[in-house]
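# Report on the structure
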Number of protein chains: 4
Amino acid sequence: MKFVQHHVLPWRLLALPAQARSFCSTSRRLEIRHVSELPSRTKPSYIQSPSNTLLSLQWPSPPRNVLITKKKRTPNITESVVEFTTHIRSTYPSINVILEPESAEELHEQLPFPVYTYHRGDGVPQHLSDRTDLVCTLGGDGTLLRASSLFSHVASVPPVLSFAMGTLGFLGEFKFQEYKRAFREVYMSGAPDTYSTLSDSMGANPPTLPTSPDDPLDRPLSYADIRGKAMGSNRTARILLRNRLKVGVFGPDGKRIGGGDGDTYALNEVTLHRGSSPHLKIIDVYINNRFLTEAVADGMIISSPTGSTAYSLSSGGSIVHPLVSSICLTPICPRSLSFRPLVLPAETPITLRLGKKNRGREVEVSIDGNTITEKLGTGMEVRIGGNEIRRDARGWEGGVPSIVRGTNGKEDMAEDHWVGGLNALLKFNYPFGDQEP
Amino acid sequence: MKFVQHHVLPWRLLALPAQARSFCSTSRRLEIRHVSELPSRTKPSYIQSPSNTLLSLQWPSPPRNVLITKKKRTPNITESVVEFTTHIRSTYPSINVILEPESAEELHEQLPFPVYTYHRGDGVPQHLSDRTDLVCTLGGDGTLLRASSLFSHVASVPPVLSFAMGTLGFLGEFKFQEYKRAFREVYMSGAPDTYSTLSDSMGANPPTLPTSPDDPLDRPLSYADIRGKAMGSNRTARILLRNRLKVGVFGPDGKRIGGGDGDTYALNEVTLHRGSSPHLKIIDVYINNRFLTEAVADGMIISSPTGSTAYSLSSGGSIVHPLVSSICLTPICPRSLSFRPLVLPAETPITLRLGKKNRGREVEVSIDGNTITEKLGTGMEVRIGGNEIRRDARGWEGGVPSIVRGTNGKEDMAEDHWVGGLNALLKFNYPFGDQEP
Amino acid sequence: MKFVQHHVLPWRLLALPAQARSFCSTSRRLEIRHVSELPSRTKPSYIQSPSNTLLSLQWPSPPRNVLITKKKRTPNITESVVEFTTHIRSTYPSINVILEPESAEELHEQLPFPVYTYHRGDGVPQHLSDRTDLVCTLGGDGTLLRASSLFSHVASVPPVLSFAMGTLGFLGEFKFQEYKRAFREVYMSGAPDTYSTLSDSMGANPPTLPTSPDDPLDRPLSYADIRGKAMGSNRTARILLRNRLKVGVFGPDGKRIGGGDGDTYALNEVTLHRGSSPHLKIIDVYINNRFLTEAVADGMIISSPTGSTAYSLSSGGSIVHPLVSSICLTPICPRSLSFRPLVLPAETPITLRLGKKNRGREVEVSIDGNTITEKLGTGMEVRIGGNEIRRDARGWEGGVPSIVRGTNGKEDMAEDHWVGGLNALLKFNYPFGDQEP
Amino acid sequence: MKFVQHHVLPWRLLALPAQARSFCSTSRRLEIRHVSELPSRTKPSYIQSPSNTLLSLQWPSPPRNVLITKKKRTPNITESVVEFTTHIRSTYPSINVILEPESAEELHEQLPFPVYTYHRGDGVPQHLSDRTDLVCTLGGDGTLLRASSLFSHVASVPPVLSFAMGTLGFLGEFKFQEYKRAFREVYMSGAPDTYSTLSDSMGANPPTLPTSPDDPLDRPLSYADIRGKAMGSNRTARILLRNRLKVGVFGPDGKRIGGGDGDTYALNEVTLHRGSSPHLKIIDVYINNRFLTEAVADGMIISSPTGSTAYSLSSGGSIVHPLVSSICLTPICPRSLSFRPLVLPAETPITLRLGKKNRGREVEVSIDGNTITEKLGTGMEVRIGGNEIRRDARGWEGGVPSIVRGTNGKEDMAEDHWVGGLNALLKFNYPFGDQEP
Ligand SMILES: NC(=O)C1=CN([C@@H]2O[C@H](COP(=O)(O)OP(=O)(O)OC[C@H]3O[C@@H](n4cnc5c(N)ncnc54)[C@H](O)[C@@H]3O)[C@@H](O)[C@H]2O)C=CC1
Ligand SMILES: NC(=O)C1=CN([C@@H]2O[C@H](COP(=O)(O)OP(=O)(O)OC[C@H]3O[C@@H](n4cnc5c(N)ncnc54)[C@H](O)[C@@H]3O)[C@@H](O)[C@H]2O)C=CC1
Ligand SMILES: NC(=O)C1=CN([C@@H]2O[C@H](COP(=O)(O)OP(=O)(O)OC[C@H]3O[C@@H](n4cnc5c(N)ncnc54)[C@H](O)[C@@H]3O)[C@@H](O)[C@H]2O)C=CC1
Ligand SMILES: NC(=O)C1=CN([C@@H]2O[C@H](COP(=O)(O)OP(=O)(O)OC[C@H]3O[C@@H](n4cnc5c(N)ncnc54)[C@H](O)[C@@H]3O)[C@@H](O)[C@H]2O)C=CC1
């Protein structure tokens, strides 16, 4: 029995696996289980079509393990999570719901089925990425960023379906009202048509739990099990692979700092910043292992195209479409009149090093708005590698596969969400005049 | 008979003064008269109060000669001009209406009283500035700029009351719907209270024309003649003296170019621009007669604080409050990463010179959006002097005295218009988010 | 006899082909011949290597027809052209020198061999692109842009070797002093090693003219003919394929304007600008055939990454590395506080249309600094398609294949030129302080 | 005996006044005395001349008490301080040298005369501003800012003479090499000519110490005592009164926070910043006590024109000449595309308030690069009043009177230092091109 309850979290109900099973029969609904009990992950493929710059999501078999993350400390979002999980669980009974530890604790008593979770140990749990087929986020951009950070140490992130709650975010593609349709589209994406004609009763009869005596977790589901109309093979969900940045922090001796043996992935950006020191910092910037420039500034942002509309934009960067394979270098309040933001090829290796001139001054390093180290000192460096998206025989891989709105039949509308976001959210080129003062 | 009809304009009805008089008796309404027939100008003073950064308008006697300019080629503005002039003429019968030549021609048949105008000869007519007590503009910023250009060669501009028609402009302070109240406020501004208590009948009885057998034009009116309630001495109209720039164009020999023996005043800015030449221009910039920098750019803008929200803003300049005594230097598309806009003291003399490096390339010079010369060549220069506003024993003088909204009793609201304009018109710091995409 | 002398150019010596031949024997040096007499073009291929983001130039057989363009009206560049052509012609006797008509006229008397040229008829000559194997430019960025414009109607541009003369340009990679080595590197690029070991005598003996009785123009040369040491197969010249923009201008009826039946290619950018009209223009911007925004501005720039350091930079655009497959949209002096430059995928189709609101105002359209139409009026539109670079079985194609400095053995140095240009030419992030005031 | 030695500083030699006197006779050179022993301050006046925008420094009698501040931890500056103080003390024997506590401790043993200092108690010592006639700084901008902070609670700052050491600062006007001449100019500034003709021997004879048996500290010196040539009355030192900002921090209850009963003055700026919190802050901005906008940003800078070339510039602000009576409002990394820097009249009261939306998030407040509070929480506000410079019957007052270079006979050169700084230090509009890559 390798699984040991973590002492920090007061999970009265997170039993050891064996106990959980037995406990199960009496009071299933109050149960919190561990993700390691789940069947292993179903990986979709992402197929390119000549007519569209976005990719098609294609499940080999329906997704079963769905991680749901939500914005914290917002009561009405909690209600929505209950509604949402209840819906997907009753409509697609073979689905298993994974929640973050806090949410599991907060919600499991309201949910008439077991929820799965993990321990927030030191670092991000490997278990989670081994089991999660699909991620759904309910909140804003911050919630999506947090969800993405749960996979910041793994190369293969499950597809992410985001719902904006109240405040629209720039990255959240769907409105919560659309959740039934949106989830269905994603769930069925890539299902063969034959199945879809067979199973045509959804909506009329309430779905029943799987009757198989075997634990349904033990076998992969086929689309034939699904009570509902499939979407047709060309009604697949559209995927935007959002490139991430690979980030490593190294000491003056060239050794990796901060534990772990691998890089961390950033969805928006990695930022070096003076933090609460009121003084300018001096950061040497290398691209392709060659010296580019010495930034004397509050800090530096290295962002993905996705992050170009986040902090980089506030610091004067250009807006870069997420499909432009690139990496952006934007200074924060540089003490120079001539430091213009740069857009480099996504593959460019970038190193930011704290030179000797800083004389003991330190900077803070953050990834996607989380400070990872507060003390980057002289001689230390952050190394960033851009392009993690790659194409091989089986299709595309890497990045955060984000499900994008606007598919059904209107293939060419697929990119609307970005332009829509520019205009509606960023108030891009907002017109002058006319309103009453 | 000193007045000679100008040959260019086909004014069938602009009779010689003598004829005009006789014609008068039969068909007054069809008449166009010449401004030189008007009594000479009544100049107000502008008084500073300790509690307010704006000045108070104080007429020695009521204004009589009112110039009205309107946006061109906009039918519904024409109607508004008829309504407006009819109102002021019937409420304040001693007022004489001056129109620009085209408007006079277009409107005089609809107006039941004579209108005055001038000849658009070469240059701006001196007559006009000698007779105009008050300017009213109906249109947008462009209309106000055009009105101001009628006084671009004189040091003392009459106060300007602007009405925004439809499209709100940044400089137009009043909505047309407010015209009765706004005009009254300006008209009565500075009138002593004693008069105001005497004359209390306005609104009830229709005003009658002055009964004096003498032409009322021959004597200054007193406020006792006015049928209406005065505003009280502390309900004066508030004036913002908008600083102008003095602009002169000089040849390589140091001689003034473009005729005239004096400078031209700009309200927004003077611009040097490559125009339709597709090449960069090289402009040497001198401040305080000392070399500052060589601008390699599309052009240069030297603007007043008023103009800081016009072309200069589009070119990346800061927004400067009109009460900051300053002059702004903003490059247009400079071929330099380090050319930041400058804000200099209003008194700073600035010279823009076309250096030898341009090898025959020429630039265009515009003032407030009107091209004054298309061919500024090598060795030629534009000299700009900033501060024309001065204070002497009698109070403040110079600039374009703009009547500003929001006085009655709420003295401290007086500056609202600028902040209001920033937010409502320029969409300054327009908030992100939340609207439906 | 299909070839007719063009009446505009006073080419006394541009004889008809037949005559030229006969004339040849007596006074070869004074001859100007027509490019159509040249053997047809040798197309190189561009090979990708895993270790380098730049491509390798690979000639199937040595280039023979070399077009040389030079900066105009600059006497010392003329001398350099004489030196350069004399060198390549004597070292590589099978090379034929093509000059632009003016240069041919100006120089042919100083050159001890025939020069080839074309007629500057209406539009860019097809002949030229059918014969030119390699382009060499002597001048600055403007000279390279002019050379590129000679191929602005063809899909396949010959490789371009640029020499900076005096003023370094941002696009000109080589210094003129390096011309022998640089040309040799390009000439030999991709030559098999076996040949190189055979022919080892260059430098010692003066090269002799080909002695074959047959006109050497009639057969492709092999590297065995070359007297000189080859560079080794991994010492190939490095190629940066600079993406161009495909530009078409269309009337309100959707018909192509401006003659020709095809698009024009831009290397830097296509610009719409108010030109000498002093008023704002209103340009509707569509991307992916969907409305993006209405630009109220002096104009709009659509630029390639190469052009991101040209006009777009002056207008506030980001600096985009030429290897980022993208297209930049930068407004010129927009009347909006919130119009930030955009970087879009290179494939994005963009349409700029003059909407009805302009009421008769027109804009000028320029490509790479040349005005192509001065009167784009209401309802007319410019359509831009970005990515012309494509990869097929034979390798890469499209764009302007620019030969880039810094190869020999130091493969990874290959991108230096861009970073070098940023720092040395654009004064990117130029450090503050320290110098004497 | 009111003066008590401060326990923190290990001043072995800072004796009580009585002891100091007696100690004096034996070993004057090792002595540290307290500033309260000095004669009270001599205040100069600042006279405006019609021909110059700068003011003339006019001492009623020669300055005696000179505070010298130096950059910390920089050995060669320490040497320069020794050289400088030794020079002024021997040339102008009635001068008393005041040092900061650390410098006094470090240097007094190397100086052949007593030095005066103060206790760094809680807050800035009132004693210091009551005694200091003149401040000299040796270092960079940071040193001047620190010197200015010693007077950040008093309305009347002594004139400041700054020497740049090594690294030129933007605010440091003189090179150290010029110190003899520069100090003399300041010392003699405003001395009547009669005296100057009398005392003509300086340079030839070494100056002798005053022979009067009375302590020279007890009587004001006249210029007749000075051995040296006066500068002539029109060779006065030129003064730029650098406006400061008055800053107060208030709690949600409207009570002043942070002790003290008065405002603090800032020379560059007051900054609100998120510090090491990685999240956006929401700051409500009021001008003239009316809501202007809600800044969602890293922070806000309110700067003087002097500070416009400091942090504000790095954050995208315009460069404002120090003689423009204004206050600049510049956001730091605002989450808005349309937040442009503002330049407001110097008198404008500005309030920055942390609104409820921040939900517990706090910001840091700094003045001139020193954090004054790390925890500005919800409901708290910073109030800034701009213009402290005023003119009354006796001349100009307020601000930091900065001695500016470039006077002798070339009056009109006086403003050079600012333009010089722009070009040499800020690399304003640094030209493109030409250098070798
Ligand atoms: N001055 C600024 O603009 C700052 C921005 N940030 C950004 O905040 C992110 C972290 O987000 P939160 O934890 O929610 O912090 P937060 O509470 O500070 O909010 C960040 C804001 O940025 C928006 N945002 C996040 N990612 C975006 C994207 N890719 N495109 C457009 N908008 C985006 C969010 O909707 C939210 O409005 C960081 O990755 C960083 O990009 C962080 C600090 C300062
Ligand atoms: N790219 C740009 O932003 C350009 C701006 N202009 C400006 O246009 C002015 C001439 O106006 P029009 O004849 O109406 O030309 P126009 O038809 O080109 O319109 C200029 C626009 O600027 C606005 N405007 C004018 N003065 C302003 C001010 N002081 N503050 C804020 N907004 C202001 C007007 O409301 C109008 O929207 C010039 O003085 C110049 O400042 C002229 C050419 C280009
Ligand atoms: N305000 C501005 O910055 C303007 C720029 N231009 C640019 O000039 C180009 C035409 O060049 P010329 O005929 O020589 O005109 P020109 O004589 O106006 O000079 C243009 C300048 O831009 C530089 N340049 C050209 N292409 C560049 C590139 N890709 N990257 C960096 N620098 C570059 C040249 O070296 C030269 O200094 C146009 O394609 C346009 O990009 C044209 C008009 C105005
Ligand atoms: N990102 C930035 O640009 C930041 C700037 N600062 C500035 O630093 C000042 C404090 O100075 P230090 O203690 O020396 O800090 P520091 O060591 O961070 O250096 C600040 C730099 O600003 C320069 N500077 C200071 N005042 C200036 C002025 N009025 N005009 C032009 N340059 C000026 C100094 O020469 C120095 O190069 C603050 O008042 C603030 O203005 C502070 C933090 C960040």
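The following refers to the structure shown.

Each value, and the rule that gives it
Residues numbered from 1 in each chain as written. Chains lettered and ligands numbered in written order. Predicted model: local features only at pLDDT ≥ 70, side-chain atom pairs only at ≥ 80, totals over all residues. Heavy atoms only, no water. Contact = heavy atoms within 4.5 Å. Salt bridge = Lys/Arg side-chain N within 4 Å of Asp/Glu carboxyl O. Polar contact = N/O pair within 3.5 Å; in protein donor to acceptor, adjacent residues only side chain to side chain. Helix = DSSP H or I, 4+ residues; strand = E, 2+ residues; numbered from the N terminus. Least-squares fit on C-alpha atoms with pLDDT ≥ 70 in both. Buried area = accessible area lost by both parts, 1.4 Å probe. Nonpolar A, V, L, I, M, F, W, Y, C, P; charged D, E, K, R; others polar. Pairing = 2+ DSSP bridges. Buried < 20%, exposed > 50% of the residue type's maximum accessible area, 1.4 Å probe, protein only. Near = heavy atom within 4 Å. Areas by Shrake-Rupley, 256 points an atom, 1.4 Å probe, with all protein chains shown as cover. Axes fitted to C-alpha atoms, helices over the stretch in contact; angles between N-to-C directions. Phe/Tyr/Trp six-rings, centres within 6.5 Å; stacked < 30°, edge-to-face > 60°. Parallel < 35°, antiparallel > 145°, perpendicular 65-115°, else oblique. Left-handed = near helix turned anticlockwise from the far one by under 90°.

Right, let's get into the interface of chain C and chain A. Every contact between the two is made by 43 residues of chain C and, on the other side, 43 residues of chain A. Where chain C meets chain A, there are 0 salt bridges. At the junction of chain C with chain A, the criterion picks out 25 residue pairs in polar contact (both at pLDDT 80 or more). A per-element tally of the side of chain C that touches chain A places strand E15 (residues 290–303) of chain C first, with 6 residues.

Here we take up the relation of the copies chain C and chain A. Copy one and copy two of the chain differ by a rotation about a common axis and a shift along it. Overlaying chain C on chain A yields an RMSD of 0.0 Å, the required transformation being a rotation through 180 degrees with an accompanying axial translation of 0.0 Å. What we have between these two chains is a two-fold relation. When C-alpha distances to the rotation axis are compared across chain C, the minimum falls at Ser-318 of chain C, with a value of 3.0 Å. Same-surface contact between copies: 100% of interface residues of chain C are shared with the interface of chain A.

As a further point, take the interface of chain D and chain B. Chain D puts 43 residues into the contact, and the matching count from chain B is 43 residues. Summed over both partners, the interface of chain D with chain B buries about 3500 Å², with 56% contributed by carbon and sulfur atoms. Its largest share of buried area at the contact with chain B, chain D owes to Arg-290, Asn-429 and Phe-432 of chain D, together 19% of the area lost on that side. Across the contact surface, chain D and chain B share 0 salt bridges. If you look at where chain D meets chain B, you find 25 residue pairs in polar contact (both at pLDDT 80 or more). Tallied by class, the residues present in the side of chain D that touches chain B amount to 23 nonpolar, 12 polar and 8 charged.

Moving on: the sheet that holds strand E21 (residues 363–367) of chain A. To summarise the sheet geometry, strands pair through backbone hydrogen bonds and adopt either a parallel or an antiparallel arrangement. Ordered by their spatial adjacency, 7 strands build an open sheet running E22(A)-E21(A)-E13(A)-E16(A)-E18(A)-E19(A)-E16(C), and the pairing between neighbours is mixed. Because the sheet does not close on itself, it has two edges, and the strands there are strand E22 (370–376) of chain A together with strand E16 (319–320) of chain C. Alignment of E21 of chain A against E22 of chain A, held across 4 bridges, turns out to be antiparallel. Bridge pairing links Ser-366 of chain A to Thr-371 of chain A in E22 of chain A.

Glancing now at helix H6 (residues 179–187) of chain B. In terms of residue burial, H6 of chain B counts as a mostly covered element, since 7 of its 9 residues are buried. For H6 of chain B, the complete set of buried residues consists of Tyr-179, Ala-182, Phe-183, Arg-184, Glu-185, Val-186 and Tyr-187 of chain B.

Another point: the site of ligand 4. Near ligand 4, the surroundings consist of 21 residues, among which Arg-335 of chain A together with Asp-141, Glu-269, Thr-309 and Ser-314 of chain D are the closest. One finds residues of chains A and D in close proximity to ligand 4. Arg-361 of chain A is positioned with one of its side-chain polar atoms (N or O) 3.4 Å from an oxygen atom of ligand 4. The side chain of Asp-141 of chain D places a nitrogen or oxygen atom 2.7 Å from an oxygen atom of ligand 4. Protein chains bury 86% of the 770 Å² of accessible surface belonging to ligand 4 in isolation. Of all elements in the fold, only helix H5 (141–149) and helix H8 (311–314) of chain D reach the threshold of two or more residues within the shell around ligand 4. Broken down by element, the shell around ligand 4 gets its largest block of residues, 3 residues, from H5 of chain D. Across the shell around ligand 4, the residue classes break down as 8 nonpolar, 7 polar and 6 charged.

Attention now goes to the sheet that holds strand E14 (residues 281–287) of chain A. All names here are of chain A. With antiparallel pairing, the 6 strands of this open sheet are ordered in space as E12-E11-E23-E20-E14-E15. The open sheet terminates on both sides in strands that have one partner only, identified here as strand E12 (264–266) and strand E15 (290–297). Going across the sheet, the axis of each strand differs from the next one's by a mean of 25 degrees, ignoring polarity. In terms of strand pairing, strand E11 (residues 245–250) meets E12 through 3 bridges, oriented antiparallel. Paired with Lys-246 across the two strands is Tyr-265, which belongs to E12.

Turning our attention to the pairing of strand E20 (residues 363–367) of chain B. Residue and element names in this part refer to chain B. With 5 of 5 residues buried, E20 is to be regarded as a mostly interior element. Of the two faces of E20, the one lined by Val-363, Val-365 and Ile-367 and the one lined by Glu-364 and Ser-366 are each fully buried. Pairing analysis gives 4 bridges linking strand E13 (residues 269–273) to E20, with the strands arranged antiparallel. Within E20, the residue paired with Val-270 across the bridge is Ile-367. Where E20 hands over to strand E21 (residues 370–376), the hairpin turn is made up of 2 residues, of which Asp-368 adopts a positive phi near 50 degrees.

Tallied over the full model, the rule gives 46 aromatic pairs over all chains. Both rings, one in Phe-428 of chain B and one in Phe-339 of chain D, keep their centres 4.9 Å apart while their planes meet at 70 degrees; by these two values the pair is edge-to-face. Residue Phe-428 of chain B is found in the segment after helix H9 (416–424), and its partner Phe-339 of chain D is found in the loop between strand E17 (326–334) and strand E18 (342–345); the two belong to separate chains. Here Phe-428 of chain B matches Phe-339 of chain D in class, with each residue buried. Between Phe-84 of chain D and Phe-183 of chain D, the ring centres sit 5.9 Å apart and the planes meet at 80 degrees, which makes this aromatic pair edge-to-face. Of this pair, Phe-84 of chain D sits in helix H2 (residues 75–91) while Phe-183 of chain D sits in helix H6 (residues 179–188), and the two are 99 residues apart along the sequence.

What follows covers H6 of chain D. Residues and elements named next belong to chain D. With respect to burial, H6 is a largely interior element, 8 of its 10 residues being buried. Turning to H6, its buried residues number three or more, namely Tyr-179, Ala-182, Phe-183, Arg-184, Glu-185, Val-186, Tyr-187 and Met-188. Trailing H6 by a residue or two, Gly-190 shows a phi angle of about 90 degrees, which is positive.

Two numbers describe a pair of packed helices, the interaxial angle and the distance between the axes. Residue and element names in this part refer to chain A. Running from amino to carboxyl end, helix H2 (residues 75–91) crosses helix H6 (residues 179–188) at an angle of 45 degrees, the nearest separation of the two axes being 11 Å. The orientation of H2 with respect to H6, classified from their angle, is oblique. Crossing geometry of H2 relative to H6 is assigned as right-handed. Contacts between H2 and H6 involve Glu-83, Phe-84, His-87 and Ile-88 from the first element and Tyr-179, Lys-180 and Phe-183 from the second. Considering only residue class, the contact of H2 with H6 consists of 4 nonpolar, 1 polar and 2 charged.

Nothing here speaks to function; it is geometry throughout.
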